[in-house]
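# What the coordinates show
Residues per chain, in single letters:
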Amino acid sequence: MKQGILTDILDHSHRADPYPLYAELRKTPVYHDGEGPYVVSTYHEIMALLHDPRLSSDQRNRTAGAADPLAEEDTGDSATLPPGFLKLDPPEHDRLRRITNRPFGPPHSPHRIESMRGDLDETVKNLIDDIAAGTSGNGEGTERIDLVDQFSYPFPVTMICRLLGVPREDEARFHVWADTLAASLDPDPTADQAERAKVTQDARMELGMYLAGLIEDRRKNPRDDMLSHLAAATGEESMSTMELLSTAALLLIAGHETTVNLITNGMLTLLRHPDVLQRLRSEPGLAVPLVEELLRYEPPVQLLPQRTPLVDIEIRGVTVPKGAAMWLVLAAGNRDPQRFENPDRFDPDRKDIQHLGLGSGIHSCFGAPLARLEAQKALSELARRLENPRLLEDPPPYRQNAVLRGPRHLMIACDGIRP
Amino acid sequence: MPDTALDALRSSGRIVVVGASLAGLRAAETLREKGFKGSLTMIGDEPYEPYDRPPLSKQVLLGKASAAGTALPRRRAIDAQWRLGVPASGLDMAGRRVKLADGDEVPYDRLLIATGVRARPWPNEAEAELDGVFVLRTRDDGAALARRMDAGPRRVLVIGAGFTGSEIASACRERGLEVTVAERADAPLVGALGGVIGAVAAELQRENGVDLRTGIMVTGLEGDSTGRVRAAHFSDGTTLECEVVVVSLGAQRNTEWLLGSGLGAGPRGIACDAGCRAFDITGIVTDDIYVAGDVARSPHPLFGYQFLSLEHWGNAVAQAETAAHNMLSESTDRRPHIWTPAFWSTQFGVNIKSVGVPSMGTEIMITQGSTAERRFTGVYGYQGRIIGAVTFDNARWLEFYRHQIESTAPFPPPYPTVDRRAEGSRPVPADFPDPSVPTHGPTVTLSGYSPADRRLTFTPAR
Ligand SMILES: Cc1cc2nc3c(=O)[nH]c(=O)nc-3n(C[C@H](O)[C@H](O)[C@H](O)COP(=O)(O)OP(=O)(O)OC[C@H]3O[C@@H](n4cnc5c(N)ncnc54)[C@H](O)[C@@H]3O)c2cc1C
Ligand code: HEM
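Basis of the calculations
Residues numbered from 1 in each chain as written. Chains lettered and ligands numbered in written order. Predicted model: local features only at pLDDT ≥ 70, side-chain atom pairs only at ≥ 80, totals over all residues. Heavy atoms only, no water. Helix = DSSP H or I, 4+ residues; strand = E, 2+ residues; numbered from the N terminus. Rg over C-alpha atoms; globule rule 2.2 N^0.38 Å. Buried < 20%, exposed > 50% of the residue type's maximum accessible area, 1.4 Å probe, protein only. Donors = N, O, S within 2.8 Å, 3.2 Å for Na, K, Ca; no water. Near = heavy atom within 4 Å. Polar contact = N/O pair within 3.5 Å; in protein donor to acceptor, adjacent residues only side chain to side chain. Domains from an automatic or database assignment. Contact = heavy atoms within 4.5 Å. Buried area = accessible area lost by both parts, 1.4 Å probe. Salt bridge = Lys/Arg side-chain N within 4 Å of Asp/Glu carboxyl O. Nonpolar A, V, L, I, M, F, W, Y, C, P; charged D, E, K, R; others polar. Pairing = 2+ DSSP bridges. Core = buried A, V, L, I, M, F, W, Y, C linked by side-chain atoms within 4.5 Å. Expected span 1.5 Å × (residues − 1). Axes fitted to C-alpha atoms, helices over the stretch in contact; angles between N-to-C directions. Parallel < 35°, antiparallel > 145°, perpendicular 65-115°, else oblique. Left-handed = near helix turned anticlockwise from the far one by under 90°. UniProt positions renumbered as here; feature names shortened; annotations may be inferred. pLDDT = per-residue confidence, 0-100.

### Here we look at the overall build of chain A
Secondary structure assignment for chain A yields 18 helices and 12 strands. For chain A, the C-alpha radius of gyration of 21 Å lies close to 22 Å, the compact-globule estimate for 419 residues. Along the longest, intermediate and shortest principal axes, the C-alpha atoms of chain A span 65 × 55 × 45 Å. Within chain A, the fraction of its 419 residues that count as buried is 56%.

Spelled out as structure tokens, the structure:
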């Protein structure tokens, strides 16, 4: 299937810098080449569609065989777990999201994220301390770090464990499952597909069983963590065990690879803009706008392949037929010159920063407050503690995945690690 | 050709703003933002710097914020001379002067009138004077009412179940106070949202323990020997003991000070063109007097060019910004105030929002969610097009419907949406007590994203 520019976008050789392709794509705000998905790349159109009730996030509304090179093969999860609310429409979406939010955010739990600050600080500190301990030079000479493996990867999983209430002694097992599931999102053409599918399926099963056990235990011995609260809820505003399992899995998956990439992309961008890195050291307040600009400039979720119209809809003169596959290219909208001045400039002082990086509308990122805090803390601490950091490889090697785009490794050299 | 008079105005002109509240402040800030360097005078009859009113019926009555703590956040310094605590008492249009009640006169090159509205008082003056009888419009009103609610009255009576009255009732319930709401219509909010939604609002009130009495009028208030209100009498012959009465019967425009000035000002407000310039009584538009906020009535192309008076926070802000922009602009750079009406309210834990002009609607269709669950979107239709929408805890969809209204999309909506239920399968009469019926006219659609590039497209009558 030849799809011109879409093939290029999916092609790994463009992963390091897809932005020129997106600029090309924006010339046709609703791109369709005859058989593939309808691809929307301009800011205002994406924003409108994210608020359009004629669009569904539920795969069951797709016409069978609607051409989409990103369509998920049935990995078997649908057989074992119902879809999480990311892939559901209202009213089920609203109900599950509302219940999940009760122990997570305002109005019922305004302090949940704030109360994780201590854990967060400690986790960041330990990870950087481990890097310092593991490197040879101790102050003298050059240290080499792979930021992805040594920092970005383990960090978000640890935080999700704390959020859900996974006991510390089980965290290591959790990391193994999370890594396997993340890897499954990243097709590897060279690997034995059947073997990979089996490994993924096993990890999913084990994770499911583990969580089911944990939920059972929390029902009996509740603590102040999300799983306990969700398990304890009763009446109309409560979930079945299956729903609870898929929600927990959703939080793990949605909050993992995304945050990994935000932190890695963030460090990469800072190393490419040393003036900003320097400012971050002296102006801790800069972390907040910096992370917003990062979500615009290098968004971890490049496009949403999930939407399907329930009826023929017209966008900029193009009729997208009912049941067709649609992609909303957030990363292209984020660099739309009709919306942002100098869109290709990384500018943490930008005032007008309504980016699409966390989505918008009813599916807008549930974990946003946590994601922001994680990235702010991680980048500030890395900037503070790494002495004279520099990129060893630019561009770094990227993962296959075009949707959750980010480096597989980020090799950094530095002169030492401050305490 | 550059307009030298305009340059002079920008660099050393005198701009006077009467009404130092939301619209007045936002206009002043916009003037400075656009580079106005001349003198700016803010005249306000209240002794306070600009403050925000919506919290007065919400957080303030709940004790979550103090009335004194509602000052409007400042977007920038405005370097103005403040004349607070003095009402403007007259206008000399020919001499370009505002007269103040203390005898002073303030000359202007451009004038912005943003005197808003005040609460309609209880018609019987002696009864209105009784201790315990309140209205709610100002910071002082809010502080006094909150203090009285702190004292734990045995029963509060709210007269009038519009948005403010309903919010006050909600605050009472949240504080555990007994409250009766008396409403002449058959349900709360019917004037703004019609009978279908009014019925939902009525259930909401009753479920929350409000003693809601509809189709009824309060005929009199009765005081005790010390001048405190003790009871109210109703048109059905019954009497209710109550220690606090909140009169919530809508608003009156603050235009009396303009009587005889020659400006087109009256009980319905001050008429202005879409560029916010006031009309004089002959219907000629003035060039130096602008109007914004609750006191203004301006024609809206989307709604049959009807003159809309909107008591909406967002309207005050948008209109003030447009008025300020136009004051400093050459005629070809002026912008129309074509803000699509939008309103919000929170009551009984529900976030209610509307867009467009629901009260023009003759039919309503529940396109998403369910009224029984109190989570839904209702769309109003008028002559085959969408004219308004309301959401109960469903606000994230409102943006879509705003766009539908602006593009005069057909009603009933011919498409399915997520969360469509059985009750949303067809439209029903919206059930407004007195549907306003504007004439047939041409169709106008709005497009564009920022105020500067909003465009109108005119299509002759279909
Ligand atoms: C209790 C309450 C709750 C509200 N809740 C909402 C809500 O939830 N959502 C929403 O959209 N809107 C709400 N509103 C409406 C919103 O507050 C108004 O739309 C907004 O305040 C209008 O601003 P304005 O500047 O036009 O008028 P105003 O705020 O009325 O200001 C006019 C000012 O001019 C002064 N003035 C009058 N005459 C003179 C004179 N002759 N000389 C000098 N000064 C004078 C007045 O005293 C006042 O200070 C609420 C209003 C109230 C009272
Ligand atoms: C930088 C990190 C993150 C980014 C860039 C990101 C991005 C996004 C985006 C774009 C969406 C919208 C999906 C859609 O509209 O279809 C989304 C949804 C979601 N995100 Fe995130 N996310 C991040 C971190 C997290 C974290 C840490 C969590 C969990 C704690 C999380 C949980 C979710 C969930 C549950 C949804 C689905 C919401 C819904 O359907 O209502 N995300 N995220």
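### Here's the deal with the coordination of the iron atom of ligand 2
For the iron atom of ligand 2, the protein supplies a single donor, Cys365 of chain A (SG), at a distance of 2.3 Å. Mapped onto the secondary structure, Cys365 of chain A falls in the loop between helix 17 (330–333) and helix 18 (368–385).

### What about the site of ligand 1?
Residue and element names in this part refer to chain B. In the vicinity of ligand 1 lie 32 residues, with Asp45, Glu46, Arg53, Lys58 and Arg137 positioned nearest. In the model, an oxygen atom of ligand 1 is placed 3.3 Å from a nitrogen or oxygen of the Leu22 main chain. Glu46 places a polar side-chain atom, nitrogen or oxygen, 2.6 Å from an oxygen atom of ligand 1. Listing elements by their share of the shell around ligand 1, those giving two or more residues are helix 2 (22–33), strand 2 (39–44), helix 7 (313–327) and strand 24 (342–347). Shared between two domains, the shell around ligand 1 takes at least three residues from each, and those domains are domain 1 (3–61 + 72–118 + 252–333) and domain 2 (121–249).

### Some thoughts on the interface of chain B and chain A
Chain B puts 14 residues into the contact, and the matching count from chain A is 18 residues. With both sides pooled, the region where chain B packs onto chain A buries about 1,500 Å², and carbon together with sulfur makes up 65% of that total. When the buried area of chain B at its contact with chain A is split by residue, Arg396, Trp397 and Val418 of chain B rank highest and sum to 39% of it. For the interface between chain B and chain A, the tally reads zero salt bridges. One can count two residue pairs in polar contact (both at pLDDT 80 or more) joining chain B with chain A. Take the side of chain B that touches chain A: its biggest share by element is three residues, from helix 8 (residues 398–406) of chain B. Split by residue class, the side of chain B that touches chain A holds seven nonpolar, two polar and five charged.

### With respect to the domain arrangement of chain B
Residues and elements named next belong to chain B. Taken domain by domain, chain B consists of domain 1 (3–61 + 72–118 + 252–333), domain 2 (121–249) and domain 3 (342–444). Using C-alpha coordinates to define each centre, domain 1 is positioned 32 Å away from domain 2. In this assembly, 13 residues from domain 1 lie in contact with 15 residues from domain 2. The junction of domain 1 with domain 2 conceals about 1,300 Å² of combined surface from both sides, 57% of it contributed by carbon and sulfur atoms. Counting across the domain 1 and domain 2 interface gives two salt bridges. Between Lys58 and Glu167 there is a salt bridge whose closest N-O contact spans 3.1 Å. Across the domain 1-domain 2 interface, the total number found is eight residue pairs in polar contact (both at pLDDT 80 or more).

### Let's talk about unusual backbone geometry
Between Pro90 of chain A and Pro91 of chain A the backbone carries a cis peptide bond, its omega angle lying at 5°. The residue Pro91 of chain A is located in the loop between helix 4 (77–80) and helix 5 (92–101) in this model. A cis geometry characterises the amide bond from Phe411 of chain B onward to Pro412 of chain B, with omega recorded as -5°. Position of Pro412 of chain B among the secondary structure elements: in the loop between helix 8 and strand 29 (428–429).

### What to know about the sheet that holds strand 11 (residues 179–183) of chain B
Residue and element names in this part refer to chain B. Ordered by their spatial adjacency, five strands build an open sheet running 9-16-10-11-12, and the pairing between neighbours is parallel. The sheet is open, and its two borders are formed by strand 9 (133–134) and strand 12 (211–214), each paired with just one other strand. Here strand 11 runs beside strand 12; their pairing, made up of four bridges, is parallel. The residue of strand 12 that forms the bridge with Glu183 is Thr214.

### Things to note about the nonpolar core
Taken as a class, soluble globular proteins show a tendency for nonpolar side chains to be buried jointly. In terms of nonpolar packing, the biggest core is built from 110 residues, with Leu25 and Met326 of chain A together with Ile197, Tyr380 and Phe392 of chain B touching the most fellow members. If you look at the next biggest cluster of nonpolar residues, it comprises 82 residues, including Met116, Ile145, Val291 and Ile417 of chain A.

### Considering helix 7 of chain B
If you check helix 7 of chain B, its first and last C-alpha atoms are 21 Å apart, about what 15 residues at 1.5 Å a residue would give, namely 21 Å. The buried fraction of helix 7 of chain B amounts to 13 of the 15 residues, a majority that puts the element mostly inside the structure.

### A look at the pattern of salt bridges
Enumeration according to the criterion identifies 64 salt bridges over all chains in this entry. A salt bridge links Arg279 of chain A to Asp349 of chain A; its shortest N-O distance comes to 3.0 Å. Here the residue Arg279 of chain A occupies a position in helix 15 (residues 274–282), and Asp349 of chain A occupies one in the loop between helix 17 and helix 18, the gap between them amounting to 70 residues. Judged by its relative accessible area of 26%, Arg279 of chain A is partly exposed. A relative accessible area of 43% means that Asp349 of chain A is categorised as partly exposed. Of the charged contacts, one joins Arg277 of chain B and Asp273 of chain B as a salt bridge, the two residues approaching to 2.8 Å between their closest N and O atoms.

### With respect to the site of ligand 2
Residue and element names in this part refer to chain A. Neighbouring residues of ligand 2: 27 residues in total, closest His93, Arg97, Arg307, His363 and Cys365. Within the contact set of ligand 2, an oxygen atom lies 2.6 Å away from a side-chain nitrogen or oxygen of His93. Contact between ligand 2 and His363: an oxygen atom at 2.6 Å from a side-chain N or O atom of the residue. Contributing elements (two or more residues each) for the shell around ligand 2: helix 5, helix 13 (241–254), helix 14 (257–272) and strand 5 (304–309).

### Remarks on the packing of helix 16 (residues 287–297) of chain A against helix 18 of chain A
Residues and elements named next belong to chain A. Across the interface, helix 16 lies against helix 18 with an axial gap of 9 Å and an inter-helix angle of 115°. By the criterion of interaxial angle, the relationship of helix 16 to helix 18 is roughly perpendicular. The two elements helix 16 and helix 18 meet at a crossing, and its hand is right-handed. Mapping the contact onto sequence places Ala287, Val288, Leu290, Val291, Glu292 and Leu294 in helix 16 and Arg372, Ala375, Gln376, Leu379 and Ser380 in helix 18. Its residues placed into classes, the contact of helix 16 with helix 18 shows seven nonpolar, two polar and two charged.

### Description of the pairing of strand 27 (residues 375–382) of chain B
Residues and elements named next belong to chain B. Where burial is concerned, most of strand 27 is hidden: seven out of the eight residues are buried. Two successive antiparallel strands, strand 26 (residues 363–370) and strand 27, enclose a turn made up of four residues, where Arg374 displays a positive phi of approximately 65°. Examined bridge by bridge, strand 27 and strand 28 (residues 385–392) share seven bridges and lie antiparallel to one another. Paired with Gly378 across the bridge in strand 28 is Val390. Linking strand 27 to strand 28, which pair antiparallel, is a turn of two residues; within it Gln383 sits at a positive phi near 50°.

### Side note on the side chain of Ser109 of chain A
All names here are of chain A. Tracing the sequence through the fold places Ser109 in the loop between helix 5 and helix 6 (112–115). Of the residues examined, Ser109 reaches a relative accessible area of 13% and is grouped as buried. Apart from the residues within four sequence positions on either side, Ser109 is in contact with Arg102, Pro103 and Phe104.

### Some thoughts on the UniProt feature "domain: Reductase C-terminal" (unreviewed entry) in chain B
In this structure's numbering, the residues bearing the UniProt feature "domain: Reductase C-terminal" (unreviewed entry) are residues 343–412 of chain B. Helix and strand shares over residues 343–412 of chain B are 13% and 51% respectively, and the end C-alpha atoms of the span are 22 Å apart.

### Thoughts on the confidence of the model for chain B
Residue and element names in this part refer to chain B. The predicted model of chain B averages 93 in pLDDT, with 95% of residues at 70 or higher. Counted against residues more than four places away or in other chains, residues 435–442, with its pLDDT under 50, gives 13 contacts. Across the whole predicted complex the pTM is 0.90, and at the interface the ipTM reaches 0.85.

### Regarding the UniProt feature "domain: FAD/NAD(P)-binding" (unreviewed entry) in chain B
Mapped onto this numbering, the UniProt entry gives "domain: FAD/NAD(P)-binding" (unreviewed entry) at residues 14–320 of chain B. Its end C-alpha atoms 17 Å apart, residues 14–320 of chain B is made of 21% helix and 31% strand.

### Concerning the sheet that holds strand 19 (residues 269–271) of chain B
Pairing is mixed across the open sheet formed by four strands, whose spatial order is 18-19-22-23 (chain B). Of all the strands in the sheet, the pair left with one neighbour each is strand 18 (265–266) and strand 23 (306–308) of chain B.

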